[in-house]
Amino acid sequence: MTTTLTRGRPGADTVRTRTPRRGGHLRRALARNLRAHAFLIGALLCFALFTWYPMVREIVMSFQKVRYGETHWVGFDNFRQIFADPEFWPAWRNTLEFTGIALFFGFVAPFLTALVINEFRHAQSYLRILVYLPVMLPPVAGILLFKYFMDPGYGLFNQILDFLHLPTSSWLASQDTAMFSLVIVSTWANMGSATLVYLAALQSIPGELYEAAELDGAGLLRRVWHVTVPQTRLILSLMLMLQVVATMQMFTESFVLTGGGPQGSTTTVVYMLYNYAFNFDKFNTAAALGVVLLLVLGAFSALYLWLERRGGEE
Amino acid sequence: MMLNRSSRMAALALAAGLLLSTAACSSDSSGNSNDAAAGVADGKPLDPNATVTISIDCAPGADQAAGKANYADDLALFKTKYPNVTINAKPYVGQCEVPAQQTAQYKAHDETGAFHAYFTDRDATLNSGDAQDITKYVNDETLPGFSSMLPSVKDNMTVDGKVYALPINYYTTGLIYNRELFKQAGLDPDKPPTTWDELQAAAKKISALGNGITGYQDYSGGNTGGWHFTSELYSLGGKMVTDDGKKAAFNSPEGKQVLKRLHDMRFTDQSISATPITQWADAFPPLATGKVGMFLGAPDVIKHLIEVLGADAKAYGLGPMPGATGPGNSLGGGDLYYIKKGQTPNQIKAEIAWINFQYQTPDAGQFNFARAKTLAGSSKDPVAIAVPQPYFWSAESPQIKAITESLKTNGNLPLSNYDPYVKNPTKSITEPPAAQQLYKILDTAMSAALTDPNANLDSVLATAESQANQILANQ
């Protein structure tokens, strides 16, 4: 086989023709981009150690059990145990309920906020900081504030409602309102980042498109629908996928505010996983649940990519 | 195969390196490089001249000024007895042992040489494979009073006749109550309720005081809900598991009674606050600020309220665990130190010697009430000396007699406030198997009783029973 090397090392401006040996070719290819490969190795090592190895280890652990310090292979026992757990399906229902509500608010609220900020001629940077502030707070500290705001007895929210002669709420203390309360907290804590991403996308839309739409007599809503949404479609769909993956792993809010209650109404899949691992001392069962969650989220991501690709082809 | 010169040199260097590292590792793991220094497991106390370094966790931290000062003093005193023993004590702040943190520590095999665990955690601790069998090391010579320890304490130290742990604290649950609120509500602060009916009636009267005051409070999350359910179930004569430990037994008339009473108190009497308490520490601020009339707890809760939260030392009384017709059975609990595997006999002996000195010797360590009294005199921070509890010896033992006497002389708390508890010792029942898991499951039942006005308590308890059976089957 004869190969023509059309890309030489810097300074090698001649085109050479030769029959390379496989090893020599690889060596030269590596040498050509030595610095890039060195950086790549660093990143690969980090991924291998902190992402891929734990994933493989988790999968292996999900088929094992540890008793008195000794590890045994147990086949699908851990999976059978989690599927038979009466909390398993309610935890999925809670997770999906949270994902559904959080997605609606976590998607709409930052997008609307970005639209509004984008309309301001002045003070945009101040508003951006204001919206991003909750993200800068340590999550637990921020979330803990709501424990006091939402206290059914002396909480700020009920005092405000009471002052306005509106009915008060049990917030986190009732299984009817606990999940929605967590969504409020989660939206407040996380919308800053999404708002900035949407704002960046909005600012990349050429102004001429809006001017043209205005000349055609389009009002505000039509301009948003026919210009803004199509122009930010890619970002919107990417953020949708990322938010689904993130909200399905909700843990901190439940852990800090409700402990999975009242009556397990805020026990999500990840909270259940945490319980198995750290409260029940069953790391292997937790690993099995983690594998199930990984498969579900993996399937969702694959579906998203397939739909994206199909949309792109059309 | 012929090796060239450089290959031979490399092989030699590698072999030498391996030998050196093996030697280094064995020296590290044993703590000493020769057998004489490592000592032998001969059932004798530590040689006072032995040179050894040990580590231990759960030393008082920054939030316990008095405890920290006492501990430092004890380390210095111990050094006069064993001048060549170095103790690396790891301090804690808040709760000494958080279950989740402890589980992670077990998985990483990252315990100190002597490591703390609650009675509740025996299964998890042994399951970690890190606990050393110390049967050969413990006797009346190495641990004076060992043979007179209470059977309920010994149960928690031993498995299949082998000793794995040493107790440092033992309690039976009682009723902590605010004497001032009792007076305001027209109740006799020297006669706390001894039955659940009396408790319910007293809670109603205290709540009627208004001003955000609640008669009684209870847990409903963070494993503490199930823990208190167990306590209340035992007090009514109920059982958590069957005698063989294979099935749940709490879905019983007693179990239903526990939930129904709490539900009634919360929604009919309104004598329990609407704010759910889902973490261990969350119960204490309302107690410390005089907003709660009664709460089930161990005597050390009163110490925590005074020393950590600055509550009024005279405000609290301690009564026996209420029961069906009089003081009921009580859930026994406590703290232990396990010894980590892989240490030299001398390290194990030194850890036993320190634990014995610090936690099990009258007039020394935690029982050095005379020293605590002196320190309290000059301390800006509150010091509580000390709420009486069963500790871990029988009432007739010389240890308990000496401690009781010292407390009378040196204590700074109103001991008569605790007479209802001291004079009504209740039968102590140990925690169930898979305790943390069962407690977690029963959090949901407690949460239903305390947060849902329309809760179907029978159904909630039946669900918990089926979950518990599954856990017990997978033990």
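Note that this is a predicted model, so its numbers are computed, not measured.

Novice: Would you mind going over the overall build of chain A with me for this structure?
Specialist: Counting its regular elements, chain A contains 14 helices and four strands. Along the three orthogonal principal directions, the C-alpha set of chain A runs to about 85 × 75 × 35 Å. Counting the 314 residues in chain A, one finds 37% classified as buried. Long-range contacts, defined here as pairs at least 24 residues apart, represent 61% of the contacts in chain A between residues at least 6 apart. For chain A, the exposed area adds up to about 18900 Å²; of that, 66% sits on carbon and sulfur atoms.

Novice: Looking at this structure, I do not really get unusual backbone geometry. What am I missing?
Specialist: Residues apart from glycine generally show negative phi values, whereas peptide bonds are mostly found in trans. With an omega dihedral of -10°, the bond running from Gly261(A) to Pro262(A) counts as a cis peptide bond. As for its placement among the helices and strands, Pro262(A) is situated in the loop between α12 (252–258) and α13 (269–279). With omega at -25°, the peptide bond leading from Ile385(B) into Ala386(B) counts as cis. You can see Ala386(B) is positioned in the loop between α14 (369–378) and α15 (398–410). Within the chain, Trp171(A) stands out as a residue other than glycine whose phi angle is a positive 50°. Along the polypeptide, Trp171(A) turns up in the loop between α7 (156–163) and α8 (178–203).

Novice: Honestly, the domain arrangement of chain B in this entry has me stumped. Any pointers?
Specialist: It is common to give the size of an interface as the accessible area lost on bringing the parts into contact. All names here are of chain B. According to the domain assignment, chain B consists of domain 1 (39–172 + 334–378) and domain 2 (174–330 + 430–473). Each of domain 1 and domain 2 has a C-alpha centre, and these two points are 31 Å apart. Listed per partner, the contact involves twelve residues of domain 1 and 15 residues of domain 2. Between domain 1 and domain 2, roughly 1100 Å² of surface is buried when both sides are summed, and carbon and sulfur atoms account for 55% of that area. Summed over the three residues of domain 1 that lose the most area to domain 2, namely Thr-120, Tyr-171 and Thr-172, the buried surface amounts to 44% of that side. Across the contact surface, domain 1 and domain 2 share zero salt bridges. Secondary-structure elements contributing two or more residues to the side of domain 1 that touches domain 2 are α6 (151–157) and β6 (165–172). Per element, the largest residue contribution to the side of domain 1 that touches domain 2 is three residues, and it comes from β6. When the residues that make up the side of domain 1 that touches domain 2 are grouped by side-chain class, the tally is three nonpolar, six polar and three charged.

Novice: Quick question: what am I supposed to make of the UniProt feature "domain: ABC transmembrane type-1" (unreviewed entry) in chain A here?
Specialist: When the UniProt feature table is mapped onto this chain, "domain: ABC transmembrane type-1" (unreviewed entry) is found at residues 92–304 of chain A. The span residues 92–304 of chain A is 76% helix and 0% strand, and its two end C-alpha atoms sit 20 Å from each other.

Novice: Teacher, can you tell me more about the UniProt feature "transmembrane region" (unreviewed entry) in chain A here?
Specialist: All names here are of chain A. Within the UniProt annotation, "transmembrane region" (unreviewed entry) is assigned to residues 36–55, 98–117, 129–149, 178–201, 232–251 and 286–307. End-to-end, the C-alpha atoms of residues 36–55 are 27 Å apart, and along that stretch the chain is 100% helix and 0% strand. Taken end to end, residues 232–251 comprises 75% helix and 0% strand; its first and last C-alpha atoms sit 30 Å apart.

Novice: What should I look at first to understand α15(B) in this one?
Specialist: Compared with the 18 Å implied by 1.5 Å per residue over 13 residues, the 18 Å span of α15(B) between its first and last C-alpha is a close match. Against the buried residues of α15(B) lie α14 of chain B.

Novice: Help me understand the nonpolar core, please; the structure alone is not making it clear to me.
Specialist: Generally speaking, nonpolar side chains in soluble globular proteins are found buried as a group. Residues and elements named next belong to chain B. Core analysis: the biggest nonpolar cluster contains 74 residues, and Tyr-216, Phe-229, Met-240, Phe-250 and Met-294 have the highest contact counts within it. Counting residues per element, this core draws most heavily on helix α17 (residues 435–451), at ten residues. For Met-240, the residues in contact, after removing those within four places along its chain, are Phe-229, Thr-230, Leu-233, Tyr-234, Lys-247, Ala-248, Ala-249, Phe-250, Pro-432, Leu-438 and Leu-442. In terms of nonpolar packing, the next biggest core, distinct from the first, is built from 63 residues, Phe-119, Phe-146, Leu-166 and Ile-339 among them.

Novice: Looking at this structure, I do not really get the sheet that holds strand β10 (residues 316–319) of chain B. What am I missing?
Specialist: Hydrogen bonds along the backbone pair up the strands of a sheet, which may run parallel or antiparallel. All names here are of chain B. Taken together, the four strands give an open sheet; going across it, the order is β8-β9-β7-β10, and neighbouring strands pair in mixed fashion. Strands with a single pairing partner mark the edges of an open sheet, and in this sheet they are β8 (214–216) and β10. Taken over all neighbouring pairs, the strand axes of this sheet differ in orientation by 25° on average, direction set aside. One ladder, built from four bridges, connects strand β7 (residues 174–178) with strand β9 (residues 292–297); its direction is antiparallel. By the bridge assignment, Gly-174 is partnered in β9 with Gly-297. Running at roughly 170° to β8, helix α8 (residues 196–207) makes contact with β7, β8 and β9 of the sheet.

Novice: Mind showing me how you'd approach the confidence of the model for chain A here?
Specialist: Fine structural detail should not be taken from predicted coordinates in areas where pLDDT scores are low. Taken as a whole, chain A shows an average pLDDT of 86; of its residues, 92% reach a score of 70 or greater. Taken together, the stretch residues 1–18 of chain A has pLDDT below 50 and engages in 15 contacts with residues farther than four places along the chain or on a different chain.

Novice: Help me understand the packing of helix α4 (residues 88–119) of chain A against helix α11 (residues 233–247) of chain A, please; the structure alone is not making it clear to me.
Specialist: Pairs of packed helices are described in terms of their axes, by the angle between the two and the distance that separates them. Residue and element names in this part refer to chain A. In contact at an axis separation of 10 Å, α4 and α11 are set at 140° when each is read in the N-to-C sense. Classified by the interaxial angle, the pair formed by α4 and α11 is oblique. Classified by chirality, the crossing of α11 by α4 is right-handed. Residue-level contacts link Phe-98, Thr-99, Ala-102, Leu-103, Gly-106, Phe-107 and Phe-111 of α4 to Leu-236, Met-239, Leu-240, Gln-243, Val-244 and Thr-247 of α11. Class assignment for the residues of the contact of α4 with α11 results in nine nonpolar, four polar and no charged.

Conventions we followed
- Residues numbered from 1 in each chain as written.
- Chains lettered and ligands numbered in written order.
- Predicted model: local features only at pLDDT ≥ 70, side-chain atom pairs only at ≥ 80, totals over all residues.
- Heavy atoms only, no water.
- Helix = DSSP H or I, 4+ residues; strand = E, 2+ residues; numbered from the N terminus.
- Buried < 20%, exposed > 50% of the residue type's maximum accessible area, 1.4 Å probe, protein only.
- Contact = heavy atoms within 4.5 Å.
- Areas by Shrake-Rupley, 256 points an atom, 1.4 Å probe, with all protein chains shown as cover.
- Domains from an automatic or database assignment.
- Buried area = accessible area lost by both parts, 1.4 Å probe.
- Salt bridge = Lys/Arg side-chain N within 4 Å of Asp/Glu carboxyl O.
- Nonpolar A, V, L, I, M, F, W, Y, C, P; charged D, E, K, R; others polar.
- UniProt positions renumbered as here; feature names shortened; annotations may be inferred.
- Expected span 1.5 Å × (residues − 1).
- Core = buried A, V, L, I, M, F, W, Y, C linked by side-chain atoms within 4.5 Å.
- Pairing = 2+ DSSP bridges.
- Axes fitted to C-alpha atoms, helices over the stretch in contact; angles between N-to-C directions.
- pLDDT = per-residue confidence, 0-100.
- Parallel < 35°, antiparallel > 145°, perpendicular 65-115°, else oblique.
- Left-handed = near helix turned anticlockwise from the far one by under 90°.

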